[in-house]
Amino acid sequence: MTEIMTLRNVSVHFPVRGFLPFLKKGEIQAVSDVSLGVRRGEIFGLVGESGCGKTTLANTMVGLVKPTAGQVLFEGVDLHSLPREEFKKTRRRMQMIFQDPFSSLNPRFNVYQLVSEPMVIRGEDDEETMKARVVELLEMVGLSAQDLYRYPSDFSGGQRQRIGIARAISLNPTFLVCDEPVSALDVSIHAQILNLLLELQERLNLTYVFISHNLADVKKMCDRLAVMYLGKLMEAGDADKIFARPLHPYTQALIAAVLDIYFSEEREIVVLPGDTPSPINPPPGCRFWQRCPKAMRGCKTVPPAFLEVEEDHFVACHLVNGFPNQDLPEGFDQPMVGREKVPGR
Ligand code: SF4
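Residues numbered from 1 in each chain as written. Predicted model: local features only at pLDDT ≥ 70, side-chain atom pairs only at ≥ 80, totals over all residues. Heavy atoms only, no water.

Caption draft 1: Here's a closer look at the side chain of Gln 161. Looking at the secondary structure, you find Gln 161 in helix H5 (residues 157-168). There is a polar contact of 2.8 Å between the side chain of Gln 161 and the backbone oxygen of Pro 181. Other than its neighbours up to four places away in sequence, Gln 161 contacts Ile 97, Phe 98, Gln 99, Pro 101, Pro 181, Leu 185 and Ile 193. (Helix = DSSP H or I, 4+ residues; strand = E, 2+ residues; numbered from the N terminus. Polar contact = N/O pair within 3.5 Å; in protein donor to acceptor, adjacent residues only side chain to side chain. Contact = heavy atoms within 4.5 Å.)

Caption draft 2: Region of interest: the side chain of Thr 90. Relative to the helices and strands, Thr 90 resides in helix H2 (residues 84-91). Once residues within four sequence positions are removed from consideration, Thr 90 is found in contact with Phe 74, Leu 79 and Leu 82.

Caption draft 3: Seen up close, unusual backbone geometry. Despite not being glycine, Glu 180 has its phi angle at roughly 50°, a positive value. Mapped onto the elements, Glu 180 comes out in the loop between strand E7 (175-179) and helix H6 (187-204). In this structure Glu 180 comes out as buried when scored by relative accessible area, which is 7%. A positive phi angle, close to 50°, is found at Leu 230, a residue other than glycine. One can find Leu 230 in the loop between strand E9 (224-229) and strand E10 (232-238). Judged by relative accessible area, which is 1%, Leu 230 ranks as buried. (Buried < 20%, exposed > 50% of the residue type's maximum accessible area, 1.4 Å probe, protein only.)

Caption draft 4: Highlighting the packing of helix H3 (residues 111-122) against helix H4 (residues 127-140). Axis separation between H3 and H4 bottoms out at 10 Å; the angle between their running directions is 115°. The angle between H3 and H4 falls in the class roughly perpendicular. The two elements H3 and H4 meet at a crossing, and its hand is right-handed. Packed against H3, whose contacting residues are Val 111, Tyr 112, Val 115, Ser 116, Met 119 and Val 120, the element H4 presents Glu 127, Met 130, Lys 131, Arg 133, Val 134, Leu 137 and Leu 138 at the interface. In terms of residue class, the contact of H3 with H4 is built from nine nonpolar, one polar and three charged. (Axes fitted to C-alpha atoms, helices over the stretch in contact; angles between N-to-C directions. Parallel < 35°, antiparallel > 145°, perpendicular 65-115°, else oblique. Left-handed = near helix turned anticlockwise from the far one by under 90°. Nonpolar A, V, L, I, M, F, W, Y, C, P; charged D, E, K, R; others polar.)

In structure tokens form, the structure reads like this:
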């Protein structure tokens, strides 16, 4: 299967400014040296804790954020090397479904205005054509022509998310980023929206990047996935392989945190100590070493390479890949004890 989206060594850093705006105090390293490919027609999951860089990475894919380094290729073309008009045209083929259906819709616009707005921006001005298209889109997402002149406040959360989805597919995109599309919804409508996304994906031959905290949703939806921690990829590849045999200690902890009812296999419970460190000053070596239950002394200074350990299964961990052949301090492969993992030591 060909890749519709390819990221090559993408980093996204944001400056931190102090009292004087022209003085840079530091940098938030939101995404660091990420390379991955999303295949056409698949659902690719992006998983990790809040602040791990998932949303920044997705915004970079759709051209909303320019990478500090690296390349974003959409259908093989470097997005940021395109002339302005070409870039705008390409951007229309990529759309986003947002997390919060309450704040993502303008409360002063009725459904017709909300769903037709992208068409108006594209230059469409024939009212009849637009009305027919909006009705068609509403029916696709489970609403009807009777909803055309109602306002967002007249709808439930699930219905508003359906409006957001109709709007996102209004320009016939091929690539959609679903940024936590069900996390703000009641559990009762959660499954309905996921099923609608699956139905539309098949019907319209869409490719999704599906961002979620919820590994049960990712297991249900995704063909492949990437696990992020503090701006870096920890593990990536085929979703079935990762769920059946997670190799990175962070992925193992995330899967262990999911309710048992979603997984039939016996799993060891792993409780991670502490919080995610600051992305302004990420730890050297493996970014996860301060919280890793299996950390070795060398993990503190030597960053692990992101390597393919079996077909379509990549991991960044010295436990799996071994340490590189270089001069390492004595005892580098000995387990680190809790006291050694206090940040700053
Ligand atoms: Fe843990 Fe070391 Fe693997 Fe990082 S490289 S996940 S610290 S064992």
